[in-house]
Structure formats: C-alpha cells, structure tokens
Amino acid sequence: MQMNLFATRLRKLSASGASTSRASGRRLAHIAAGIVVVLASAGAAQAGTLTIAWDPSSDPTVTGYNLYWGTQSGVYTAGMNVGLQTSQQVTGLANDVTYYFVAKAYNGAGILSAQSPEVSGHTNAKGVWAPTWGDYHADGKADVGVFRPSNGSWYISGSSPITFGNGGDIPVASDYDGDGVMDIAVFRPLTGTWYIWMSRTQTGLSITFGNGADIPVPADYDGDGKADIAVFRPLNGTWYAWLSATQTGSAIQFGNGADIPVPADYDGDGKADVAIFRPANGTWYIWQSATQTGLTVPFGNGADKPVPADYDGDGKTDIAIYRPATGTWYGWLSATNTGFSATYGNASDIPVPADYDGDGKADVAVFRPLTGTWYIWQSRTQTGLSVVYGNGSDIPLPSKP
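Right, let's walk through the structure included here.

### What about the packing of aromatic side chains?
Okay, so step 1: Following the criterion strictly, the structure yields nine aromatic pairs and no others.
Okay, so step 2: Relative to F340, the ring of Y311 lies with its centre 5.4 Å away and its plane at 55°, an arrangement referred to as tilted. One end of the pair, Y311, is in the loop between β24 (305-306) and β25 (319-323); the other, F340, is in strand β27 (residues 338-343), with 29 residues separating them in the sequence.
Okay, so step 3: Note on F340: relative accessible area 21%, which makes it partly exposed.
Okay, so step 4: The positively charged end of K104 is found above the aromatic ring belonging to Y68, 5.7 Å away from the centroid.
Okay, so step 5: The ring of Y155 carries the charged tip of R148 above its face, separated from the ring centre by 4.4 Å.

### A look at the nonpolar core
Okay, so step 1: By size, the foremost hydrophobic cluster in this structure holds 13 residues, and its most contacted members are V217, Y221, W239 and F254.
Okay, so step 2: Going through the elements one at a time, β17 (229-233), β18 (238-243) and β21 (274-278) are the ones with two or more residues in this core.
Okay, so step 3: Per element, the largest residue contribution to this core is three residues, and it comes from β18.
Okay, so step 4: When near neighbours in sequence (up to four residues on either side) are disregarded, V217 contacts W194, A230, V231, F232, W239, P261 and P263.

### A short note on the environment of D394
Okay, so step 1: Looking at where D394 falls in the secondary structure, it is placed in the loop between β31 (383-388) and β32 (395-397).
Okay, so step 2: Taking the C-alpha atoms as reference points, D394 and V146, 248 residues apart in sequence, are found 5.9 Å from one another.
Okay, so step 3: Discounting chain neighbours no more than four positions away, the residues touching D394 are V146, F147, R148, P149 and F367.
Okay, so step 4: Polar contacts involving the side chain of D394 include one to the side chain of R148, which spans 2.8 Å.
Okay, so step 5: In this structure the side chain of D394 is engaged in a polar contact, spanning 2.7 Å, whose partner is the backbone nitrogen of N391.

### Notes on the sheet that holds strand β16 (residues 215-216)
Okay, so step 1: Taken in spatial order, the four strands line up as β16-β17-β18-β19 in an open sheet, and their pairing is antiparallel. Each edge of the sheet is formed by a strand with only one pairing partner; in this case those strands are β16 and β19 (248-253).
Okay, so step 2: Here β17 pairs with β18 via five bridges, running antiparallel. Across the sheet, residue R233 finds its bridge partner in β18, namely T238.

### Here's the deal with the pairing of strand β22 (residues 283-288)
Okay, so step 1: With respect to burial, β22 is a largely interior element, five of its six residues being buried.
Okay, so step 2: Sheet analysis places β21 next to β22, joined by five bridges and oriented antiparallel. Paired with R278 across the two strands is T283, which belongs to β22.
Okay, so step 3: The turn joining β21 and β22, which pair antiparallel and follow one another in sequence, is formed by four residues; a positive phi near 60° is taken by G282.
Okay, so step 4: As judged from the six bridges shared by β22 and strand β23 (residues 293-298), these two strands associate in the antiparallel manner. Within the sheet, the bridge partner assigned to I286 lies in β23 and is L295.
Okay, so step 5: Taken together, β22 and the strand that follows it, β23, pair antiparallel across an intervening segment of four residues, in which Q292 is found at a positive phi of about 55°.

Calculation criteria
- Residues numbered from 1 in each chain as written.
- Predicted model: local features only at pLDDT ≥ 70, side-chain atom pairs only at ≥ 80, totals over all residues.
- Heavy atoms only, no water.
- Phe/Tyr/Trp six-rings, centres within 6.5 Å; stacked < 30°, edge-to-face > 60°.
- Helix = DSSP H or I, 4+ residues; strand = E, 2+ residues; numbered from the N terminus.
- Buried < 20%, exposed > 50% of the residue type's maximum accessible area, 1.4 Å probe, protein only.
- Lys NZ or Arg CZ within 6 Å of the ring centre and 35° of its normal.
- Core = buried A, V, L, I, M, F, W, Y, C linked by side-chain atoms within 4.5 Å.
- Contact = heavy atoms within 4.5 Å.
- Polar contact = N/O pair within 3.5 Å; in protein donor to acceptor, adjacent residues only side chain to side chain.
- Pairing = 2+ DSSP bridges.

Structure (structure tokens):
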C-alpha cells in the first residue's frame, strides 16, 4: 500500500509548550519534507524539549502517525504514536547531543508508510538548536544564491528573483525575526541604514544604525533566536549592537582597525561571541560569552581568509582559514580538538562554507567568479557537487559580510 505521508506546504510554528517566553524558543534549522522541528524549551539546567510538526497527509486512509528518534543516523531507539495530531512535544532530550528524527504514517490496518526524510540537529550546551546559515526555504539546507549589485537583485535557487537594495549596499541576510528562515537584508553605508525584509510577516523594516566606515556584523548576541543588528567600527575597534531581546544598545571595545571581525558561537552557549582575526600575526581573539573570558588562538597568516563554521556538527563554531595561494582549507575541530586540511578551490575563488546537504555540518565550498560556478564538498556523502549560478560581478550568498 502506498501512502502520501506529507503535503508539500510546510507549516511554520513558533516556540510553545514548556516555553515561558518567546525568547526561550529556537526553531531547528533541520527541516525536511514536511517535518518542522521547533525547540520549545531550553535552559542551562534542563534538557531540551522539541515540538515536531507537519502538514496532514493528503491520503484519506491515514489514521495516525508515529515519530521515531535516536542519537545515531538511521538508528531510532525511541518513538511514540501521536495519533492524528500533527504536532508533538518530545521532552527529555540531552544537551550537547545530536538527535535524528523520522516519521511514518499508518492506516486502520496498521500498515506503515515509508519513513520521512531524516531530520537531524545538535543541541548546544543549553539544549538549543540554531537555524541553518543560508537557509531561505526552511528545509535545513543552505541555498546557493547571489546578490547582484548591478540591479540590486537577489537570486536564490528555488525562488523567483527579488529586487531589494542597490549597487552600493552590502548584503546582510540573517534570521532577524527568529522564524528559522534567512531574511533578505542590506546595509547601506551611505546613510548607515539597514533595510530588512522580514520573512515571518512579509513586511519591510528600516533602521539607521552605524555609519559608512563601519563593518556590518549581524548575529544573535543575546541568544533569543534572532539576529541582532550590529557593526564593528575599525576607527576605534568597537562593536555596537542593538539587542533584540531587551531592545537596548550594547558597545564593547575589542580589536583594532586592521582586524577582520568573525563573530560566531565558538563556545556553544547559543550566543554569538565577539571575535576578530588579526592578519598581522595570524591570531584569533575571541571573547567567550559563556565564561566572559578571552581566548587567543594563533591559527593562519596574513594572506589567509577566515572561514569559521561548524564543520564537525557539535554545535560550536570551529576556527578555520582558507589559503588562496594554495586553495587549501585549514580548520581546528572543537569536537575532537584536532586539525583538518582540504585542498578545494583556487586563488580567485570566494569561500562560502555552509551546510548545503542538511547533515548539521558545514560543507567546504567555493564560488568561482570567473565561471559563476559553485563547488561544494558535501560532508554527508563525501562527494563533490558543482552548480553554475551567478556571474563574476555577483556577491555569493550565504557569504557573510
């Protein structure tokens, strides 16, 4: 018997259940074929609670659904029958652990459908999932795309072109509204203004924050599941942020004018850490939000490009660099405290690491302006993928500002 398990349209849910406030919820980035996973509650002293949700099957013979999960891909050691309801809380999930979920439909005779595609994600130290960087379609995978300054348009695979911005703007897409989907956005240096298209409400927002000499550094600095508007000011080495959780401003002096800002969640507490890479000495300086202490790591040299990302899927950003001279990637994996290297790209390529295959790990990837081609090494299958999308004058997405 064949049953259609899911409808094609995904329903988006906000945090619910044991959550005491909107700020305590975080949508899971790993969304697949009709399953939407939402973190309903997470705290430093409690295990994670997820709400799994999907559109009802279009098959009239379906009489219910089963959920299955485990800590190893393809091995599901726990499960539950949820009946005909199309959302279910799963409680008691441990912190700092990767979980894998699938679902099956069944009919009155107890016959099960094929399982849904697997959903995976890693909880950080507080049990929180972070949205997938570069995911514009809520499928848990980064999307290939470009911003074209010549016409101020965004071209994202699987979507119609969107005109938003102009040639002098800097693309600063991120999840500003906390719905787990990247919001198209630009920073306009000429006026120090941010223009954001909120995917949750399909409305625009403009905020003046910063000036023409600033470097935009949006990230979730307060851990509320929403990217905060922020800039790094090379003139005085100061970070200025507008925190969405409290609607207050923040300023911290960290770095100098020659540094490259590299904010990310290096300590796995659900908050972006203020951080810089100093080409002059090839050193990373990180202010860890979890412990409020500084970390200094020599890694790279002045000609390298910093490419921090979570390459091992442990919920923490790994220090990494791309060396254009040799087309080589060097990284330090936080899960095992070991280094890795990979030759992938050439001197004219732009590195664009992200989780393109939805396995919870950033994939090594480059955009080649000369041919408008993307080369992606998929960590899930350990195979290469090439996609022609864009041209030499485009700014590749999901590259960060």
